[in-house]
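Here are the chains, one letter per residue:
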Amino acid sequence: MLGFVADQFAASSPAPKPRMRRARSYNVSSQGQDGWTIRKTLTLSDVDITHPFLTLPRQPVENHILVHLTQLERNQLNNREQVTVNARDEDTGETHVMKLKWRGSYYNLIGKWGKLVRAKGLDAGREIKLRWFNGCLHFSVPNEQVPTAIPIQMIAPPIHREQWPIRKVLTLSDVDTNHPFLPLARRSVEDHILIHWTQQQRELLRNEEQVNVNALDVDSGDMYVMKLRWRGNYYNLIGKWGKIIRRKGLGVGKEIKICWGNGCLNFSVPYERNVVVLPGQEQWPIKKALTLSDVDTNHPFLTLPGKAVEDHILYYLTLQAREQLRIERQININARDDDTGDLYIMKLKWRGSYYNLIGKWGQIIRGKRLQVGREIRVRWDNGCLIFSVPES
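Since the model is a prediction, treat every value here as computed from it, not as a measurement.

### Comments concerning the overall build of the protein chain
Moving on, step 1. Scanning the protein chain from terminus to terminus reveals 10 helices and 22 strands.
Moving on, step 2. For the protein chain, the residues scored as buried account for 43% of the 392 residues in total.
Moving on, step 3. Accessible surface computed for the protein chain: about 21,100 Å², of which carbon and sulfur atoms make up 49%.

### Quick notes on the sheet that holds strand β9 (residues 166-169)
Moving on, step 1. Spatially, β9-β14-β15-β11-β12-β13-β10 is the arrangement adopted by the seven strands of the open sheet, whose pairing is mixed. Edge positions in the sheet fall to β9 and β10 (182-185), since each has one partner strand and no second. Strand after strand, the sheet turns through a mean of 30° between neighbouring axes, direction not considered.
Moving on, step 2. Bridge count between strand β14 (residues 255-261) and strand β15 (residues 264-268): five bridges; the pairing is antiparallel. Bridge pairing in β15 links Cys259 to Asn266.
Moving on, step 3. Across the sheet, helix α7 (residues 241-248) lies against β10, β11 (210-217), β12 (223-230), β13 (234-238), β14 and β15, angled at about 130° from β12, the strand it touches most.

### Re the confidence of the model for the protein chain
Moving on, step 1. This prediction gives the protein chain a mean pLDDT of 80; 83% of its residues lie at or above 70.
Moving on, step 2. In this model, residues 1-32 is a region of pLDDT below 50 whose contacts with residues beyond four sequence positions or in other chains number 63 contacts.
Moving on, step 3. The model gives residues 145-162 a pLDDT under 50, and that stretch makes 25 contacts with residues more than four places away or in other chains.

### Thoughts on the side chain of Lys368
Moving on, step 1. For Lys368, the position within the fold is in helix α10 (residues 361-368).
Moving on, step 2. With a relative accessible area of 18%, Lys368 lands in the buried category.
Moving on, step 3. Those residues in contact with Lys368, other than ones at most four positions away along the chain, are Asp337, Asp339, Arg374, Phe387 and Val389.

### Focus: helix α3 (residues 71-78)
Moving on, step 1. Buried within α3 we find Arg74, Leu77 and Asn78. Projected onto a plane normal to the axis of α3, the buried residues spread over an arc of 105° and lie on a single side.
Moving on, step 2. At the exit of α3 stands Arg80, carrying a positive phi of roughly 65°.

### Structural notes on the environment of Arg131
Moving on, step 1. Summarising the element assignment, Arg131 is placed in strand β7 (residues 127-133).
Moving on, step 2. When the C-alpha positions of Arg131 and Ala87 are compared, they lie 10.0 Å apart, and in sequence the two are 44 residues distant.

### Structural notes on the pattern of salt bridges
Moving on, step 1. Throughout the structure, instances matching the rule amount to 20 salt bridges.
Moving on, step 2. One salt bridge in this structure joins Glu190 and Arg186, with 3.7 Å as the shortest N-O distance. With a gap of four residues between them, Glu190 and Arg186 both fall in helix α5 (residues 186-192), about one helical turn apart.
Moving on, step 3. Between Asp294 and Lys288 there is a salt bridge, and its shortest N-O distance comes to 2.7 Å. The pair formed by Asp294 and Lys288 is uniform in burial state, with each residue classed as buried.
Moving on, step 4. Shared partners join several salt bridges into a network, and the residues in it are Asp89, Asp91 and Lys120.

### Re the pairing of β15
Moving on, step 1. By the criterion of burial, β15 is predominantly enclosed, with five of the five residues buried.
Moving on, step 2. In β15, alternate side chains face the same way, and those of Cys264, Asn266 and Ser268 on one face and Leu265 and Phe267 on the other are all buried.
Moving on, step 3. Two strands pair when backbone bridges link them, and β11 and β15 are joined in this way by three bridges, in the parallel orientation. Bridged to Ala215 within β15 is Leu265.
Moving on, step 4. Between β14 and β15, which follow one another and run antiparallel, lie two residues, and Asn262 among them has a positive phi close to 55°.

### Describing unusual backbone geometry
Moving on, step 1. Its identity is not glycine, yet Asn262 carries a phi of approximately 55°, on the positive side.
Moving on, step 2. Relative to the helices and strands, Asn262 is located in the loop between β14 and β15.
Moving on, step 3. Its relative accessible area of 59% is what places Asn262 among the exposed residues.
Moving on, step 4. In this structure, Asn382 is a non-glycine residue whose phi angle is positive, near 50°.
Moving on, step 5. Within the secondary structure, Asn382 sits in the loop between β21 (375-381) and β22 (384-388).

### Remarks on the nonpolar core
Moving on, step 1. Counting residues in hydrophobic clusters, the biggest one holds 30 residues, and the most contacted among them are Trp361 and Leu385.
Moving on, step 2. Apart from the residues lying within four places of it in its own chain, the contact partners of Leu385 are Ile313, Ile333, Asn334, Ala335, Arg336, Leu357, Val378, Arg379 and Trp380.

### With respect to α10
Moving on, step 1. All buried positions along α10 are accounted for by Trp361, Gly362, Ile364, Ile365 and Lys368. Relative to the axis of α10, the buried residues are bounded by an arc of 160° and lie together on one face. Those residues of α10 that are exposed and aimed more than 90 degrees away from the buried face are Arg366 and Gly367.
Moving on, step 2. The inward-facing, buried residues of α10 abut β17 (302-305), β18 (330-337), β19 (343-350), β20 (354-358), β21 and β22.

### Observations regarding the environment of Gly242
Moving on, step 1. Turning to its location among the elements, Gly242 is positioned in helix α7.
Moving on, step 2. The exposure class assigned to Gly242 is buried, which follows from its relative accessible area of 4%.
Moving on, step 3. As a C-alpha pair, Gly242 and Val175 span 67 residues in sequence and 7.8 Å in three-dimensional space.
Moving on, step 4. Those residues in contact with Gly242 that lie beyond four places of it in its chain are Thr177 and Pro180.

Cut-offs applied
Residues numbered from 1 in each chain as written. Predicted model: local features only at pLDDT ≥ 70, side-chain atom pairs only at ≥ 80, totals over all residues. Heavy atoms only, no water. Helix = DSSP H or I, 4+ residues; strand = E, 2+ residues; numbered from the N terminus. Buried < 20%, exposed > 50% of the residue type's maximum accessible area, 1.4 Å probe, protein only. Areas by Shrake-Rupley, 256 points an atom, 1.4 Å probe, with all protein chains shown as cover. Pairing = 2+ DSSP bridges. Axes fitted to C-alpha atoms, helices over the stretch in contact; angles between N-to-C directions. Contact = heavy atoms within 4.5 Å. pLDDT = per-residue confidence, 0-100. Arc of directions from axis to C-beta. Salt bridge = Lys/Arg side-chain N within 4 Å of Asp/Glu carboxyl O. Core = buried A, V, L, I, M, F, W, Y, C linked by side-chain atoms within 4.5 Å.

Written out as structure tokens, the structure reads:
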């Protein structure tokens, strides 16, 4: 961002628009034929009214919004401050005073966003369109086509295992056993779960804000009594979720599939393909002698060669996880010390020709007393980065 401001806005005369990078698939289109230069599919965090903000990717904002701001406003953003902007709702004609805040690799639009989420009934999956025109940020969320109301069927259809209408890639908060809950988007729950409930059950959920449900793990056959809790724009599945996380070894990036059948919430987390070591293959495909920078506790990170990581780690990630790494330049991963059995939540950061493993690396250096020249071995297995530093 510092370089961007210095390079793009140093001249007193209006600077030409910077060359736009190839779109990085944020579910965002940065140029439209109808004049809307930024498009984004709303996520669960975008419509969370408890912490209301709209996240916008950096490059489209800098290409299509910041170029219209004054030098003073750009300097304010550069100093990690926020800038007040007028925002016009093209659907209603209303104008709001909002704030644009720089967050490093992205920007947040805050201020009246919570009011807009409630007033417009915004849900995850809806598309928002933005552009800058005549000194003002314009936005629109086109109304969805509402289908003709269909009488609610109270009898649950037979469950077909291949049909899972609700799918979600687990995030860091989803697998946090300290505060265990699984958030599910409101629309998907209402379309595919609540539609099978009785009117009395739906009224109880609306009034009491939570209802007991039977939940069947179709992978193991285990049955749990859980609670579905209404949280406005989404629902939380709570109760035995922490136990399920530990029992199934759930981690960031795994996909959970959910459907309703036979009066029960059914869920599945398909097992990932494991790394099978064939005869003659190396059990530890990545090996490295630790360097001075690898054991520096002041700036702790482990550098891993790019091709080795892509061949032996990224190969096993989901397509969505790889896309996230490409867009955000880092992803959360589970890491296990094969020597001690300790588990860590760490980050894998893409640096171009190499990758950094960061997060708890400083703690690992101190705990294992790592030194220059020691060999670290790394592999991927069952959704987890495994590492070992054999005793010299």
